[in-house]
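Below are the chains, spelled out letter by letter.
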Number of protein chains: 2
Amino acid sequence: MNTVRGARARARVEVTAAIKDEARKQLAAEGAAKLSLRAVARELGMVSSALYRYFPSRDDLLTALIVDAYDAIGAAAEAALADVDAGARAGAAPAGAGAKAPSPACAGAGGTPTPRARWTAVCRAVRAWAVAHPHEYALIYGSPVPGYSAPQATVAPASRVAHVLLAVLRDAHRSEGVAPPPLAEGLRAEADRLAADLAPDLPPALAVAFVNAWCQLFGLISFEVFGHFAGVVEEAETFFTHSADRLGRELGLLR
Amino acid sequence: MNTVRGARARARVEVTAAIKDEARKQLAAEGAAKLSLRAVARELGMVSSALYRYFPSRDDLLTALIVDAYDAIGAAAEAALADVDAGARAGAAPAGAGAKAPSPACAGAGGTPTPRARWTAVCRAVRAWAVAHPHEYALIYGSPVPGYSAPQATVAPASRVAHVLLAVLRDAHRSEGVAPPPLAEGLRAEADRLAADLAPDLPPALAVAFVNAWCQLFGLISFEVFGHFAGVVEEAETFFTHSADRLGRELGLLR
DNA sequence: GTCTATAGGCGGATAGAC
DNA sequence: GTCTATCCGCCTATAGAC
């Protein structure tokens with residue numbers, strides 16, 4: 001009976017994965033607004049009503065895709081940070097697991113990576129994921145899907161990238177200090193609340209500067225992914241790396 | 001015959017405007033991907049085939065909405081710059097035309113507004129338009145509409161905001177100089193091309209810094225409009241104003 | 001320019017047999 | 001869990017009368 005349950009459960013995850021894979025393909029072709037259970041079923045050789053055993057509604061399928069996308073971009077950010085730290089300790093990249101080439105920016109040196117190198121490595125990984133998965137990126141950082149409101153289940157995955165970036169700041173703050181730009185008068189209250197919510201151990205001025213950098217980071221990525229660089233920026237990756245480094249600098253990561 | 005032609009032409013623009021207005025409403029309710037000629041016609045008490053006399057296809061209607069949106073946000077930027085300049089000369093706002101309240105940031109002083117005040121005024125106007133028209137904003141700065149590719153006719157309107165911001169930089173560069181951040185090694189080529197394309201009279205380092213600031217400006221706006229500030233930033237306008245001012249500062253607008 | 005009618009699709013969701 | 005059948009809605013686009 002256990003084996004039967006196991007087999008059924010296995011079949012279920014496999015079919016669920018197949019549905020999500022096909023749905024992702026359609027996301028690319030038609031966009032989130034037109035994601036259709038029927039079309040997914042058709043492509044999978046199933047009948048539409050069968051899908052309702054896996055996802056109770058179209059919106060639930062969409063939620064699953066959104067959570068997956070946030071998790072994927074968050075995992076990419078986490079892996080990049082692990083890589084840059086590991087790459088600095090050993091000359092060679094740890095084979096296997098990561099599936100991410102170590103950032104060239106941190107190659108060579110055997111010491112601890114600088115806070116800015118860590119920051120930039122994470123930013124680059126986030127951009128790389130976005131460029132490699134433009135439609136999933138659009139799903140989570142583009143226009144809201146009309147008529148869909150994100151359930152509570154999406155908020156934790158949605159914050160993974162920010163938490164990685166905050167970890168970089170926190171480490172730098174502890175080890176060598178950070179020099180964020182001064183806090184403007186009118187932002188006192190907002191800054192205190194922000195710091196209390198996001199990172200009680202960081203100075204409020206740094207919390208504000210972080211939120212700023214966080215928005216601007218995704219602004220750079222979105223403009224590239226959404227096509228606003230056409231005819232303007234040609235070497236997008238070089239441009240981005242430079243911009244990310246400047247964001248880190250402006251945050252107060254001096255080194 | 002002239003009067004007849006005139007009357008017909010007038011009716012035509014009126015109906016065209018009504019169609020676009022209704023389409024904008026539906027944009028808000030259903031999103032660009034689901035914009036439907038039939039639904040527009042239904043709401044207008046017309047029959048769907050009649051719309052084809054005004055817009056040859058759904059995509060043409062979409063193009064018209066996109067051009068209108070770019071023009072509207074561009075006009076808001078231009079008006080804001082005119083206002084801040086006019087407001088600095090006269091104590092009171094010029095009545096009528098602008099339909100935009102003069103930015104409080106520039107009230108009082110009778111002299112020429114500083115470059116940073118001009119920059120920030122334009123940024124604030126762009127944000128204000130976006131917040132007031134979130135769905136039209138999403139249409140032009142959000143996820144690309146699947147299956148739709150923007151025709152050549154959209155590129156000129158799309159650049160109006162950037163041109164206003166560049167005008168602010170150009171004026172500052174001429175009158176009192178600008179101190180952009182130094183240009184990184186690897187960006188030489190990109191910077192030269194960028195400067196040649198966007199503003200041959202500005203230093204390449206400034207052109208790069210400008211593109212940076214331009215992306216980041218829309219990153220701030222997009223995060224607010226697309227709901228990523230929920231539970232994070234509460235006083236979005238104050239936060240934005242501060243951020244825009246910092247962007248100007250980092251561009252090298254010292255004053 | 002506007003109408004009716006029509007072609008030839010598409011969608012979400014449910015009931016009930018197996 | 002998967003199927004058939006079904007309800008009831010939606011869409012773009014064209015033809016041809018008026």
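Quick caveat, the model's predicted, so the values are computed rather than measured. (Residues numbered from 1 in each chain as written. Chains lettered and ligands numbered in written order. Predicted model: local features only at pLDDT ≥ 70, side-chain atom pairs only at ≥ 80, totals over all residues. Heavy atoms only, no water.)

Participant: So what exactly am I meant to see when it comes to the protein's contact with DNA strand D here?
Facilitator: Taken together, 15 residues lie near DNA strand D, and A:R53, A:Y54, B:S36, B:L37 and B:R38 sit nearest. Taking B:S36, its side chain carries an N or O atom lying 2.9 Å from a phosphate oxygen of DNA strand D. Here a phosphate oxygen of DNA strand D and a side-chain polar atom of B:R42 are 3.0 Å apart. If you tally residues by element for the surface near DNA strand D, the top one is helix α2 (residues 37-44) of chain B, at four residues. Looking at the surface near DNA strand D residue by residue, the class counts come to six nonpolar, four polar and five charged. (Near = heavy atom within 4 Å. Polar contact = N/O pair within 3.5 Å; in protein donor to acceptor, adjacent residues only side chain to side chain. Helix = DSSP H or I, 4+ residues; strand = E, 2+ residues; numbered from the N terminus. Nonpolar A, V, L, I, M, F, W, Y, C, P; charged D, E, K, R; others polar.)

Participant: Is there a simple way to think about the relation of the copies chain A and chain B in this case?
Facilitator: A rotation about some axis, followed by a shift along it, carries one copy of the chain onto the other. Taken as rigid bodies, chain A and chain B are interconverted by a rotation of 180 degrees and an axial shift of 0.0 Å, the fit giving an RMSD of 0.1 Å. Between the two chains, the operation in question is that of a two-fold axis. The C-alpha atom lying nearest the rotation axis in chain A is that of A:G219; the distance is 1.7 Å. Looking at the interface residues of chain A, 100% of them are also at the interface in chain B, so both copies use one shared face. (Least-squares fit on C-alpha atoms with pLDDT ≥ 70 in both. Contact = heavy atoms within 4.5 Å.)

Participant: Could you clarify how one ought to interpret the interface of chain A and chain B in this entry?
Facilitator: Put simply, an interface is often sized by how much accessible area is lost when its parts join up. Taken together, the contacts link 48 residues of chain A with 48 residues of chain B. Across the interface of chain A and chain B, roughly 4100 Å² is buried in total on both sides, 64% from carbon and sulfur atoms. On the surface where chain A and chain B come into contact, there are four salt bridges. The shortest N-O distance in the salt bridge between A:R193 and B:E235 comes to 3.6 Å. Between chain A and chain B we count 13 residue pairs in polar contact (both at pLDDT 80 or more) in total. (Buried area = accessible area lost by both parts, 1.4 Å probe. Salt bridge = Lys/Arg side-chain N within 4 Å of Asp/Glu carboxyl O.)

Participant: Is there a simple way to explain helix α2 (residues 37-44) of chain A in this structure?
Facilitator: Helical geometry note: an α-helix holds 3.6 residues per turn, so side chains three or four residues apart project in the same direction. Within α2(A) the residues assigned to the buried category are A:L37, A:A39, A:V40 and A:A41. One or two residues past the end of α2(A) sits A:G45, with phi positive at roughly 70 degrees. (Buried < 20%, exposed > 50% of the residue type's maximum accessible area, 1.4 Å probe, protein only.)

Participant: How should the environment of A:W129 be read in this particular structure?
Facilitator: All names here are of chain A. Counting through the fold element by element, W129 comes out in helix α5 (residues 115-132). A relative accessible area of 6% places W129 in the buried class. When the C-alpha positions of W129 and G45 are compared, they lie 31 Å apart, and in sequence the two are 84 residues distant. Look past the residues within four positions of W129 in its chain and what remains in contact with it is A69, A72, I73, A76, E136, Y137 and I140.

Participant: Help me understand the domain arrangement of chain A, please; the structure alone is not making it clear to me.
Facilitator: All names here are of chain A. Split into domains, chain A comes out as domain 1 (1-56) and domain 2 (58-251). Counting from both sides, the interface comprises 13 residues of domain 1 and, opposite them, eleven residues of domain 2. Per-residue buried area on domain 1 facing domain 2 is highest for R24, L27 and L35; these three make up 37% of the total on that side. On inspection of domain 1 and its partner domain 2, the count reaches two salt bridges. The partner of D68 in a salt bridge is R24, and the shortest N-O contact between them spans 3.3 Å. Counting across the domain 1 and domain 2 interface gives six residue pairs in polar contact (both at pLDDT 80 or more). Of all the elements, helix α1 (residues 2-30) adds the most residues to the side of domain 1 that touches domain 2, at six residues. Residues belonging to the side of domain 1 that touches domain 2 are distributed by class as follows: ten nonpolar, no polar and three charged. (Domains from an automatic or database assignment.)

Participant: Help me out: how do you make sense of helix α6 (residues 134-141) of chain B in this one?
Facilitator: Burial analysis of α6(B) places six of its eight residues in the buried class, the great majority of the element. What α6(B) keeps buried is the set B:E136, B:Y137, B:A138, B:L139, B:I140 and B:Y141.

Participant: Would you mind showing me how to read the packing of aromatic side chains here?
Facilitator: Where two aromatic rings form a pair, the distance of their centres and the angle of their planes describe that pair. Per the stated rule, a full pass over the model turns up 16 aromatic pairs over all chains. Between A:Y137 and A:F226 the ring centres are 5.9 Å apart and the planes differ by 55 degrees, which places this aromatic pair in the tilted class. Of this pair, A:Y137 sits in helix α6 (residues 134-141) while A:F226 sits in the loop between α10 (204-225) and α11 (236-251), and the two are 89 residues apart along the sequence. Across the pair, A:F226 and A:Y137 agree in class, each one buried. Consider the rings of B:Y141 and B:F218, whose centres lie 4.2 Å apart with planes at 25 degrees: the pair is stacked. Taken together, the residues B:Y141 in helix α6 and B:F218 in helix α10 (residues 204-225) connect sequence positions 77 residues apart. (Phe/Tyr/Trp six-rings, centres within 6.5 Å; stacked < 30°, edge-to-face > 60°.)

Participant: Could you clarify how one ought to interpret the pattern of salt bridges in this entry?
Facilitator: This structure, assessed with the given rule, holds 40 salt bridges over all chains. B:R116 is paired through a salt bridge with B:D245; the nearest N and O atoms lie 2.9 Å apart. On the criterion of sequence distance, the pair formed by B:R116 in helix α5 (residues 115-132) and B:D245 in helix α11 (residues 236-251) is long-range, its members being 129 residues apart. Of the residues examined, B:D245 reaches a relative accessible area of 29% and is grouped as partly exposed. The closest approach of N and O atoms between B:R193 and B:E190, which form a salt bridge, is 3.1 Å. Of this pair, B:R193 and B:E190 both sit in helix α9 (residues 188-198), three residues apart, which is roughly one turn of that helix. Salt bridges linked by common partners bring A:K20, A:D21, A:R24 and A:D68 together as one network.

Participant: For this particular structure, what's the right way to read the side chain of B:R127?
Facilitator: Residue and element names in this part refer to chain B. Here R127 lies in helix α5. Residue R127 is classed as buried on the basis of its relative accessible area of 10%. Separated by 2.9 Å, the side chains of R127 and E224 make a polar contact. Aside from chain neighbours lying at most four places away, what touches R127 is I221, E224, A236, E237 and F240.

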